[in-house]
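Here is what each chain is made of, one letter per residue.
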Amino acid sequence: MTYSVSPIGFVRSCFKEKFAIPRQPQLAPAARGVLELVAPFDQGDAVQGLEQVSHVWLLFLFHQALEEKPRLKVRPPRLGGNKSMGVFATRATHRPNGIGQSVVKLDKVEANRLWISGIDLLDGTPILDIKPYVPYADIIDKASNSIASAAPQLIPVQWADSALQQAHGHAQRLEEPLVELIEQCLAQDPRPAYQTPAPEREYGAQFWDVDVRWHYPTPELIRVLEVILAPDL
């Protein structure tokens, strides 16, 4: 049997590319976006009551990772990308139906949009459904997962003086917590776990409309080098 689904909205996100997006929601509280609802869900009736809710579950499509042939095994980044596991034992983006889920903070409710934070969603992500987070049912005190028993260890993030000044300037222009966003995302160490970066190698990612460049003076330290407007803007 086959079923068809249609998005109820799309996310306008601070993340414009997949690289450097946190691998789970809530790891970067400064990561913000807006869920823009589409007809007929954009008239206010569908979100009535959500102002009483602090967090919501979002069901979405990994729209840039859809595949025709399903994978039975994947290589999770959490395990360094060099060990395979059954797809259903992971939260890898390569899902049989391309469906993901995230719990995000609900900051503001409007008739046709939801303002959300703590997100791990790429700009343009199609949303399939919204469900309120229910603490008494969704928190399981004795739950366990020996594959991912604790949050990833954070890596220190330092700034070049000029880069920090640039980031503060863009943060003021955007009216967004850009410095915090960059620090929270880079502290997750977005490079592949199997990769040992050379100090001269630079990495980059786009947050909102700025390009952020950084390098690793040592394998266990990030230094932000530059924060400038993305060239295509």
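Here the structure is a predicted model, which means the values were calculated and not measured. (Residues numbered from 1 in each chain as written. Predicted model: local features only at pLDDT ≥ 70, side-chain atom pairs only at ≥ 80, totals over all residues. Heavy atoms only, no water.)

Digging into the pairing of strand β8 (residues 126-132)
Quick note on the threshold: Two strands qualify as a pair provided DSSP detects at least 2 bridges between them. Numbered from the N terminus, helices here are DSSP runs of H or I no shorter than four residues, and strands are runs of E no shorter than two.
Sheet topology note: the strand β1 (residues 9-13)/β8 ladder contains two bridges and is antiparallel. The residue bridging phenylalanine 10 from the neighbouring strand is proline 126, located in β8. Bridge count between strand β3 (residues 55-61) and β8: five bridges; the pairing is antiparallel. Of the residues in β8, the one forming a bridge with phenylalanine 60 is isoleucine 127.

Concerning helix α2 (residues 161-174)
For clarity, the cut-off: Between the first and last residue of a helix there are one fewer steps than residues, each counted as 1.5 Å, and that sum is the expected span. In this scheme, a residue with accessible area under 20% of its type's maximum is buried, one over 50% is exposed, and one in between is partly exposed, where area comes from a 1.4 Å probe on protein chains only. The directions from the helix axis to the C-beta atoms form the arc being described. Throughout, a contact is declared for two residues whenever any of their heavy atoms are within 4.5 Å.
Under the 1.5 Å per step criterion, the end-to-end length of α2 is 20 Å for 14 residues, consistent within 8% with the ideal 20 Å. Along α2, the residues classified as buried are Ala163, Ala167, His170 and Ala171. For α2, the angular spread of buried residues about the axis comes to 105°, placing them on one side. With respect to the buried face of α2, the exposed residues turned more than 90 degrees away are Asp161, Gln165 and Gln172. On its buried side, α2 packs onto β9 (157-159), α3 (178-186), β11 (210-218) and β12 (221-229). Among the residues trailing α2, glutamate 175 stands out with phi positive, at a value near 55°.

A short note on the environment of leucine 154
Structurally, the position occupied by leucine 154 is in the loop between α1 (135-138) and β9. Apart from the residues within four sequence positions on either side, leucine 154 is in contact with Ala187 and Gln188.

Quick look at the sheet that holds strand β10 (residues 202-207)
Strands in a sheet are paired, the pairing made by backbone hydrogen bonds, and the direction either parallel or antiparallel. What counts here: In this analysis an axis means a line fitted to C-alpha atoms, helices contributing only their contacting stretch, and an angle means the value between N-to-C directions, from 0 to 180 degrees.
Read from one edge to the other, the open sheet built from four strands follows the order β9-β12-β11-β10, with strand pairing classed as mixed. Both edges of this open sheet fall to β9 and β10, since each of them pairs with a single strand only. Adjacent strand axes in the sheet meet at a mean angle of 35°, parallel and antiparallel pairs treated alike. Where β10 lies against β11, six bridges are found, and the strand directions are antiparallel. In the strand pairing of β11, glutamine 206 is matched with aspartate 211. Against the sheet, α2 contacts β9, β11 and β12, and its axis sits at roughly 50° relative to β12.

So, unusual backbone geometry
Note that the residue after alanine 39, namely proline 40, is joined by a cis bond; omega there is 5°. Of note in this structure, glutamine 26 is not a glycine but carries a positive phi near 75°. Within the secondary structure, glutamine 26 is located in the loop between β1 and β2 (32-37). Residue classification places glutamine 26 among the partly exposed positions, given a relative accessible area of 35%. The phi torsion at tryptophan 208 lies on the positive side, around 50°, for a residue other than glycine. Along the chain, the position of tryptophan 208 falls in the loop between β10 and β11. Note on tryptophan 208: relative accessible area 12%, which makes it buried.

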